[in-house]
Amino acid sequence: MITTSGLTKVYQSRGREVTALDGVDLHVREGEVYGVIGQSGAGKSSLIRCVNLLERPTTGTVTVDGVDLTALAGRGRRAGKELREARSRIGMVFQHFNLLSSRTVQDNIELPLEILGISGRERSRKAAELLDLVGLADKAKAYPAQLSGGQKQRVGIARALAGDPKVLLSDEATSALDPETTRSILQLLRDLNRELGLTVLLITHEMDVVKAVCDSAALMKNGRIVESGTVAELLATPGSELAGELFPVSGAATGPDHTVVDVTFHGDAATRPVISQLARTYNIDISILGAAMDTVAGRQIGRMRIELPGRYEDNVVPVGFLREQGLQVDIVDEDAEAAADPVTAEDADAELAQLVKDGAQ
Ligand SMILES: Nc1ncnc2c1ncn2[C@@H]1O[C@H](COP(=O)(O)OP(=O)(O)O)[C@@H](O)[C@H]1O
Ligand SMILES: [Mg+2]
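Each chain has its residues counted from 1, running along the sequence as written. Working convention: letters from A go to chains and numbers from 1 go to ligands, in the order in which they are written. Only residues with pLDDT of at least 70 are given local features in this predicted model, and only at 80 or more are side-chain atom pairs given and counted; all residues enter the totals for whole chains, interfaces and linings.

## Topic: helix α7 (residues 179-196)
Step number 1: For the purposes of this entry, the term helix denotes a DSSP run of H or I that reaches at least four residues, the term strand denotes a run of E that reaches at least two, and both are numbered from the N terminus. Multiplying one less than the number of residues by 1.5 Å gives the expected span of a helix. With 18 residues, α7 should cover 26 Å at 1.5 Å per step; its first-to-last C-alpha distance of 25 Å lies within 8% of that length.
Step number 2: Taken as a whole, α7 has its buried residues at T182, I185, L186, L189 and L192. Burial along α7 is one-sided: seen end-on, the buried residues are contained in an arc of 115°. Along α7, the residues that are exposed and aim more than 90 degrees away from the buried face are E180, Q187, R194 and E195.
Step number 3: Contact criterion: two residues are in contact if their C-beta atoms, reconstructed from the backbone, are within 7 Å. Where α7 is buried, its residues meet α6 (149-160), β8 (199-204) and α8 (207-213).
Step number 4: After α7 finishes, the residue G197 shows a positive phi value of roughly 65°. Note on burial: count the other C-beta atoms lying within 10 Å of the residue's C-beta; 20 or more is buried, 12 or fewer is exposed, in between is partly exposed, and C-beta positions come from the backbone. For this quantity, the arc is that covered by the directions from the helix axis to the C-beta atoms.

Pasting the structure below:
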């Protein structure tokens, strides 16, 4: 539904070049909620603004619902109308709501419809329908200043839906809200995604947001996507940084000559007594160092960090037993992990490339 290929964005800032996007290939499937997470300055806002061409990419292409927006934008001023039309099928929600304070809630929602030249009666009908959808049917005549933060964001969402978009973009829509309001807004986005089949691309710096609503996620660093996939795929990827943050387990080995193992339980595996079977079958004492159950992307998942006596070589058979039970098993051994971690290797390559580039200048 949304595809970017080789997207780069270089800003000229006081005679200096700032590379905000450095070759981003993003693929968001129709009907999913896709989260892009990263620290401040990673390039998230630049990415989302390039997706609806609020910002013109330096190179690369953006395709939304089969339309190459970059090609439309590239055809000069006469392409303006086509680009505007394509853009009206993309809703955008902002962190600070961006409502007009001099207009009522209803008039704020009608604004994009006015721009599209829709008649007054049709606008009011649509606004009433949208207000109902976001749970604000009684606030049509209120002004933004009379609303709470959560209500303002509901208006922002209703306005974003005015053009019947297929895609909703959200840049930190819940970052200015308290935790409980955040939950209710995320729930609303989830409901809209399900009920309207809306594809949602959201940008956040909060892992809890990804955990609550996303089907897929990408981790952004220094203008690049360093990890991406469905949440289920990520959780099943050994050494995934996103998975580790989505679902952290901790606990240190109690001493040398012990093997620490993270076991992840998906679905019905969570209810089988595998750990006691393991202890009985191999007659070993197992210590539980840490454990948690959680719901990620609407699915129940458990993670447990356990310790087995003896080194890894002594535990190949019990570890094999756990894998045979259909569990995901990651050996927590810092040296082994570093060697097996593809992200770390990629990061190292990128860093090296950057050093070479800097050296050449
Ligand atoms: N209009 C701009 N002009 C110059 N530099 C910018 C502009 N917008 C963003 N940047 C720079 O691009 C980088 C990425 O910014 P941004 O996309 O806002 O990241 P994020 O949303 O992840 O915090 C930062 O280094 C930021 O300072
Ligand atoms: Mg930002």
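Picking up where we left off.
## Here's the deal with the packing of α6 against α7
Step number 1: Between N-to-C directions, angles span 0 to 180 degrees; the directions come from axes that are lines fitted to C-alpha atoms, helices contributing only their stretch in contact. Orientation of α6 relative to α7, taken along the N-to-C sense of each, is 20°, at an axis distance of 10 Å. Overall, the two elements α6 and α7 adopt an arrangement that is roughly parallel. Here the hand of the crossing between α6 and α7 comes out right-handed. Between α6 and α7, the contacting residues are G149, G150, Q153, R154 and I157 on the first element and T181, S184, I185 and L188 on the second. Each angle receives one of four descriptions, namely roughly parallel if under 35 degrees, roughly antiparallel if over 145, roughly perpendicular if within 65 to 115, and oblique otherwise. Crossings are classed by handedness, with left-handed meaning an anticlockwise turn of the near helix from the far one by less than a right angle and right-handed meaning a clockwise turn.

## As for the pairing of strand β3 (residues 33-38)
Step number 1: Most of β3 is tucked away, with 6 of its 6 residues classed as buried.
Step number 2: Any two strands with at least two DSSP bridges between them are considered paired. Sheet topology note: the β3/β8 ladder contains 5 bridges and is parallel. Looking at β8, one finds that G35 is bridged to L202.
Step number 3: Note that β3 and strand β9 (residues 216-221) share 5 bridges and pair parallel. Among the inter-strand pairings, Y34 is bridged to a residue of β9, identified as S216.

## Let's talk about the site of ligand 1
Step number 1: As a structural note, the neighbourhood of ligand 1 is formed by Y11, S13, V18, A20, G38, S40, G41, A42, G43, K44, S45 and S46.
Step number 2: Those elements that provide at least two residues to the shell around ligand 1 are β1 (2-13), β2 (16-28) and α1 (44-51).
Step number 3: Its residues assigned to classes, the shell around ligand 1 shows 4 nonpolar, 7 polar and 1 charged. By definition, a residue lies near a molecule or strand when the C-beta atom built from its backbone is within 6 Å of it. Each residue is assigned to one class: nonpolar for Ala, Val, Leu, Ile, Met, Phe, Trp, Tyr, Cys and Pro, charged for Asp, Glu, Lys and Arg, and polar for all the others, Gly among them.

## Looking at the sheet that holds strand β10 (residues 224-230)
Step number 1: In space, the 6 strands of this open sheet follow the order β6-β7-β8-β3-β9-β10, with mixed pairing throughout. A strand with exactly one partner marks an edge of an open sheet, and here the two such strands are β6 (90-93) and β10. Averaged over all neighbouring strand pairs, the angle between strand axes comes to 15°, with direction disregarded.
Step number 2: In the sheet, β6 pairs with strand β7 (residues 167-171) via 4 bridges, with the strands oriented parallel. The residue bridging V93 from the neighbouring strand is S170, located in β7.
Step number 3: Each of β3, β7, β8 and β9 touches α1; the most contacted strand, β8, lies at about 155° to it.

## Observations concerning the domain arrangement of the protein
Step number 1: Domain boundaries shown here were taken from an automatic or database domain assignment. Taken domain by domain, the protein consists of domain 1 (2-235) and domain 2 (247-336).
Step number 2: Look at where the C-alpha atoms of domain 1 and domain 2 centre, and you get two points 40 Å apart.
Step number 3: Residue-level contacts link 6 residues of domain 1 with 5 residues of domain 2.
Step number 4: Top contributing element to the side of domain 1 that touches domain 2 by residue count: helix α9 (residues 231-235), with 3 residues.

## Concerning the nonpolar core
Step number 1: If you look at the biggest cluster of nonpolar residues, it comprises 80 residues, and the most contacted ones within it are V51 and L201.
Step number 2: A per-element tally of this core places β2 first, with 5 residues.
Step number 3: Not counting residues up to four positions away in its chain, the partners in contact with V51 are I2, T4, V62, V64, L169 and L201. Residues enter a nonpolar core if they are buried, belong to Ala, Val, Leu, Ile, Met, Phe, Trp, Tyr or Cys, and are joined to the set through C-beta atoms within 7 Å.

## Looking at the pairing of β1
Each regular strand displays side chains that alternate between the two surfaces of the sheet.
Step number 1: The sheet contact formed by β1 and strand β4 (residues 59-64) spans 5 bridges and is antiparallel. In the strand pairing of β4, I2 is matched with V64.
Step number 2: Where β1 meets β2, 10 bridges bridge the pair, whose relative direction is antiparallel. Residue T8 lies in a different strand from β2, and its bridge partner there is D22.
Step number 3: The antiparallel hairpin formed by β1 and β2 contains 2 residues in its connecting segment, where R14 sits at a positive phi of about 45°.

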